[in-house]
Amino acid sequence: MPAQIIDGIAIAESVRNQVAAETQSLIAETGIVPHLAAVLVGNDPASEVYVRNKERACLKAGLKSTLHRLDAATPQAELLALVDALNRDTTIHGILVQLPLPKHLDSTQILDAIVPTKDVDAFHPENTGLMLQGRPRFLPCTPAGVMKMLHVSNIATAGRHAVVIGRSDIVGKPMAALLVQKGVDATVTICHSRTADIGSICRTADILIAAVGIPEFVKGHMVKPGAVVIDVGINRVNERLVGDVDYAAASAVASAITPVPGGVGPMTIAMLLQNTLTSARLS
Ligand code: NAP
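Criteria and thresholds
- Residues numbered from 1 in each chain as written.
- Predicted model: local features only at pLDDT ≥ 70, side-chain atom pairs only at ≥ 80, totals over all residues.
- Heavy atoms only, no water.
- Helix = DSSP H or I, 4+ residues; strand = E, 2+ residues; numbered from the N terminus.
- Rg over C-alpha atoms; globule rule 2.2 N^0.38 Å.
- Buried < 20%, exposed > 50% of the residue type's maximum accessible area, 1.4 Å probe, protein only.
- Contact = heavy atoms within 4.5 Å.
- Areas by Shrake-Rupley, 256 points an atom, 1.4 Å probe, with all protein chains shown as cover.
- Lys, Arg positive; Asp, Glu negative; His and termini not counted.
- Charge placed at Lys NZ, Arg CZ, Asp CG, Glu CD.
- 1 Å grid on protein atoms, 1.4 Å probe; cavity = no way out; pocket = protein on both sides within 12 Å on 5 of 7 lines; lining within 4 Å.
- Points joined across faces, edges and corners; volume = space filled by probe spheres on them.
- Nonpolar A, V, L, I, M, F, W, Y, C, P; charged D, E, K, R; others polar.
- Salt bridge = Lys/Arg side-chain N within 4 Å of Asp/Glu carboxyl O.
- Pairing = 2+ DSSP bridges.
- Right-handed = clockwise from strand over helix to strand, strands pointing away.
- Axes fitted to C-alpha atoms, helices over the stretch in contact; angles between N-to-C directions.
- Near = heavy atom within 4 Å.
- Polar contact = N/O pair within 3.5 Å; in protein donor to acceptor, adjacent residues only side chain to side chain.

## Digging into the overall build of the protein chain
Point 1. What the protein chain contains, in helices and strands, is 10 helices and 11 strands.
Point 2. A globule of 283 residues ought to have a C-alpha radius of gyration of about 19 Å, and the protein chain, at 19 Å, matches this closely.
Point 3. Its C-alpha atoms give the protein chain principal-axis dimensions of about 50 × 45 × 35 Å.
Point 4. By the burial criterion, 49% of the 283 residues in the protein chain qualify as buried.
Point 5. In the protein chain, 71% of the contacts between residues at least 6 apart in sequence involve partners at least 24 apart.
Point 6. Accessible surface, the protein chain: about 13100 Å² in total, of which carbon and sulfur atoms supply 56%.
Point 7. The distance from the centre of the 24 positive side-chain charges to the centre of the 25 negative ones in the protein chain is 3 Å.

Next comes the structure, spelled out in structure tokens:
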């Protein structure tokens, strides 16, 4: 039987509609309009697209969005000063600094400078700590999007073996942390570039999550029959978007799978809107 396709476009739309409805209620009750400030340094083409999509999604859901464009040569101190101004601006509820930053900038110092209550990407160590302890303020958008997809698709997690390939601070580590929380109750293995015999580990996964950044890294033989496969990867190959999973081969073995594009990607922006609304409420 072919794998069920987990439709990220449809699930993301339902999240955005819910955010739009709750935003209207918040505005009606309090007059507060959730406001996301995005900062784009330089003109990396992929970042331009991401920021534009985030802005559009905000406006469509009734949130306010402001884009701060800075020259690629902007010094660290100037970017820190902008973050400081946004931190102090009480009309702004979410601050997003689009990554990657130009090489001369210290991303860690910049991200740490965002006040945790406006850190809607949930990259600040305070928000990471709260998430790890199971009392999150904001959840990091991509892993939160995956959790939402699993939930909406009625995919059981308790007692099942989840294997996450990738240990980045943005995807792999928080993904594993969310899967192991009480109430989710998966048994989690994290793989990375130094993992030995990764194929055999992946084949034991009931839920296999790929966040590697290598096109079609996960082959069909690495997927256990009936497993759920979540492909976080977004790779550009000859102008085409390709995931970290060999979709054709994996979907012949899996019980459910996310496509690329149209899988995890749209969820990330939807969860960013959700976090900005949460921040406005908390303000
Ligand atoms: P990253 O920071 O480059 O991390 C990649 C991870 O994969 C690292 O932990 C690395 O291990 C591991 N890895 C690399 N080669 C490997 C190998 N041969 N075997 C096993 N593990 C290997 O990337 P990321 O930011 O987590 O992103 C991962 C993918 O998700 C990318 O394609 C990215 O574009 C995509 N992404 C999508 C969204 C979305 O909205 N859908 C959001 C963010 C990222 P080491 O730690 O040992 O180097």
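## Some remarks on empty space enclosed by the protein
Point 1. Within this structure, the stated rule accounts for 1 cavity of 30 Å³ or more.
Point 2. Its volume calculated, the largest cavity comes out at about 30 Å³.
Point 3. Residue lining of the largest cavity: Ile 95, Val 97, Leu 111, Ile 114, Asp 119, Asp 121 and Phe 123, and that is the complete set.
Point 4. Of the residues contributing to the lining of the largest cavity, the split by class is 5 nonpolar, no polar and 2 charged.

## Overview of the pattern of salt bridges
Point 1. What the rule picks out here adds up to 6 salt bridges.
Point 2. Between Asp 169 and Lys 173 there is a salt bridge; the shortest N-O distance is 2.8 Å.
Point 3. We classify Lys 173 as partly exposed; its relative accessible area is 43%.

## Thoughts on the pairing of strand β3 (residues 64–70)
Point 1. With 7 bridges connecting them, strand β2 (residues 35–41) and β3 associate as parallel partners. For Val 39, the partnering residue across the bridge sits in β3 and is His 68.
Point 2. After leaving β2, the chain enters helix α2 (residues 45–60) and then returns to the sheet as β3, a path that is right-handed.

## Considerations on the sheet that holds strand β6 (residues 187–191)
Point 1. Across the sheet, 6 strands lie side by side as β1-β11-β8-β7-β5-β6; this open sheet has parallel pairing. Each end of this open sheet is capped by a strand with a single partner; those strands are β1 (4–5) and β6.
Point 2. Where β1 lies against strand β11 (residues 256–257), 2 bridges are found, and the strand directions are parallel. Residue pairing across strands places Ile 5 opposite Ile 257, the latter belonging to β11.

## A short note on the sheet that holds β3
Point 1. On the basis of which strands lie adjacent, the open sheet formed by 3 strands has the order β3-β2-β4 and parallel pairing. The open sheet has two free edges, formed respectively by β3 and β4 (94–97), since each of these has just one partner strand. Strand-to-strand twist of the sheet, defined as the mean angle between neighbouring strand axes without regard to direction, takes the value 15 degrees.
Point 2. Across the face of the sheet, α2 comes into contact with β2, β3 and β4 while running at roughly 160 degrees to β3.
Point 3. Along the sheet, helix α3 (residues 76–88) makes contact with β2, β3 and β4, crossing β2 at roughly 175 degrees.

## Digging into the site of the ligand
Point 1. Around the ligand, the surrounding shell holds 21 residues, and the nearest of these are Arg 167, Ser 168, Ser 193, Val 232 and Thr 268.
Point 2. Residue Val 232 places a main-chain N or O atom 3.3 Å away from a nitrogen atom belonging to the ligand.
Point 3. Its free accessible area being 910 Å², the ligand has 69% of it covered by the protein chains.
Point 4. By residue number, the principal contributor to the shell around the ligand is helix α10 (residues 264–282), which donates 3 residues.
Point 5. The class makeup of the residues in the shell around the ligand is 9 nonpolar, 10 polar and 2 charged.

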